[in-house]
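# Architecture and fold: a report
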Amino acid sequence: MAIRGVPGAAIVTSLTETEGAVSILGLAPPEESAIVRIGHISDLHLADRARYPRNGFSARDCERHSTKLAKGLLDALREVDVDHLVLTGDLTFSSEPREFERAADMLRWWAAAGKLTVVPGNHDVWTADAVDSGRFLRAIGPDGKGMRRPAPTYPHVVPLGEVVLVALDSARFGETPHQTAGRIGADQLRSARELCRQHQKAGKATVLAFHHHVVLPPERIPSDVLVARMPLADADQVIRLVAELPVAAVLHGHRHCAFRVDIPGADHPTPILCAGSASRVADEPVRRARAYVYDFDASGLKGVEALVSGGT
Ligand SMILES: [Fe+2]
Ligand SMILES: [Fe+2]
């Protein structure tokens, strides 16, 4: 499973180790057959630069993200043979049709293989036009295949052996998108609770995935201040759910830097993992484009590795 030479070159490093200090050729194979290996990327922000400025963004804003980096990570994820891939939103820059088309193209292999789960981010519901036409669901949808007739579809539940992925939609349209909070909403939260209970009884681990951050780590990045203005309005309800029912992990994006925060859980501390942006052009270690690879079994999260673009 060597990944050296993969386009968009990647190094593999443990989440807890110093960025760039480790250069390993591949992930170790799962130790037990019950292990479910899940890849996680987020915030591709695919843009058609020539069509900007529009929707509150300049052409220069688009240059913060690189399609090539994202493609390199997707190739690397295929090489390490994940069982399933979760994409936690912000596929597009401002919900333009061409941006969704590019996302669908990039994800086609994963969707066709039935190995993909996608949730929308706030940038995927950026304009009234995109929301009214159900653009995200038509082009991508929860499994990346698109929906002929867009319909409410979250929670989207994906059984993966001893692990069940529960994908939720936290993206909400607002007239001022730069300041609009995300919200999972009472209905989805109620369903998520019920699903956690059912999976607990069945002896399976539940993994939650959505776009917005639940908590922010203490260390702040000044250029990330905009995202703090777009919080998850019902984050407290997620924290409560995690405290009361076993959740193996919460996966999200939105904040374009990677971090892990463990919060009190029903059985043991529950990891909340932000994958950052899989296309971000950045030198800051926590911002560099990456994918996470998680090993889960019925008892929870057993391992976390990162594929980081720009390695040697
Ligand atoms: Fe984003
Ligand atoms: Fe976002």
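All values reported here derive from a predicted model rather than from experimental measurement. (Residues numbered from 1 in each chain as written. Chains lettered and ligands numbered in written order. Predicted model: local features only at pLDDT ≥ 70, side-chain atom pairs only at ≥ 80, totals over all residues.)

Moving on, we get to the overall build of the chain. Along the chain, the regular secondary structure elements total nine helices and 12 strands. Put simply, of all contacts in the chain between residues at least 6 apart along the chain, 72% involve residues at least 24 apart. (Helix = DSSP H or I, 4+ residues; strand = E, 2+ residues; numbered from the N terminus. Contact = placed C-beta atoms within 7 Å.)

All right, on to the sheet that holds strand E8 (residues 249-252) then. If you walk across this open sheet you meet the six strands as E5-E6-E7-E8-E10-E9, and the pairing is mixed. A single partner strand is all that each edge strand has here, and the edge strands are strand E5 (156-160) and strand E9 (258-263). Across the sheet, the mean angle from the axis of one strand to that of its neighbour is 20°, orientation sign disregarded. Strand direction decides the pairing type here: strand E7 (residues 205-209) and E8, joined by three bridges, are parallel. Directly across from Val-207, in E8, lies its bridge partner Ala-249. On top of the sheet, helix H7 (residues 186-201) reaches E5, strand E6 (163-167) and E7; it is set at about 155° to E7, its chief contact. (Pairing = 2+ DSSP bridges. Axes fitted to C-alpha atoms, helices over the stretch in contact; angles between N-to-C directions.)

So, on to H7. Taking 1.5 Å per residue, 16 residues should reach 22 Å; H7 reaches 23 Å between its end C-alpha atoms and fits that length. Within the span of H7, buried status applies to Gln-188, Ala-192, Cys-196 and His-199. Angular distribution of buried residues about the axis of H7 spans 80°; they occupy a single face of the element. Among the exposed residues of H7, those pointing more than 90 degrees away from its buried face are Ala-186, Asp-187, Glu-194 and Lys-201. Looking at the buried residues of H7, the elements they touch are E6, E7 and helix H9 (235-244). In the stretch just after H7, Gly-203 is the one whose phi turns positive, near 75°. (Expected span 1.5 Å × (residues − 1). Buried ≥ 20, exposed ≤ 12 C-beta atoms within 10 Å, placed from the backbone. Arc of directions from axis to C-beta.)

Structurally, Lys-145 is set in the loop between helix H6 (135-139) and E5. On the basis of neighbour counts, which here come to 17 C-beta atoms within 10 Å, the residue Lys-145 falls in the partly exposed class. In this structure, the C-alpha to C-alpha distance between Lys-145 and Leu-107, residues 38 residues apart in sequence, is 8.9 Å.

Note that Arg-280 resides in the loop between strand E10 (270-275) and strand E11 (290-297). The buried category is assigned to Arg-280, around which 23 C-beta atoms lie within 10 Å. Linking Arg-280 and His-65, residues 215 residues apart in sequence, is a C-alpha distance of 4.6 Å. Not counting the four nearest positions on each side in its chain, Arg-280 is found in contact with Arg-64, His-65, His-256, Arg-287, Arg-288 and Ala-289.

This part takes up the confidence of the model for the chain. When the pLDDT values of the chain are averaged, the result is 89; 87% of them are 70 or greater. Note on residues 1-25: pLDDT under 50 across the span, and 62 contacts to partners over four residues away in sequence or across chains. (pLDDT = per-residue confidence, 0-100.)

Taken as a whole, helix H3 (residues 97-106) has its buried residues at Glu-99, Phe-100 and Ala-103. One face of H3 carries all of its buried residues, which in axial projection span an arc of 100°. Packing partners of the buried residues in H3 comprise H6.

A cis amide bond, omega 15°, links Tyr-52 with the succeeding residue Pro-53. The amide bond that connects Tyr-154 to the next residue, Pro-155, takes the cis arrangement and shows omega of 5°. Along the chain, Pro-155 turns up in the loop between H6 and E5. Backbone geometry at His-45 places phi at a positive 50°, although glycine is not the residue there. Inspection of the secondary structure assignment puts His-45 in the loop between strand E2 (36-41) and helix H1 (59-62).

With six bridges joining them, E9 and E10 adopt antiparallel strand pairing. Directly across from Val-261, in E10, lies its bridge partner Ile-272.

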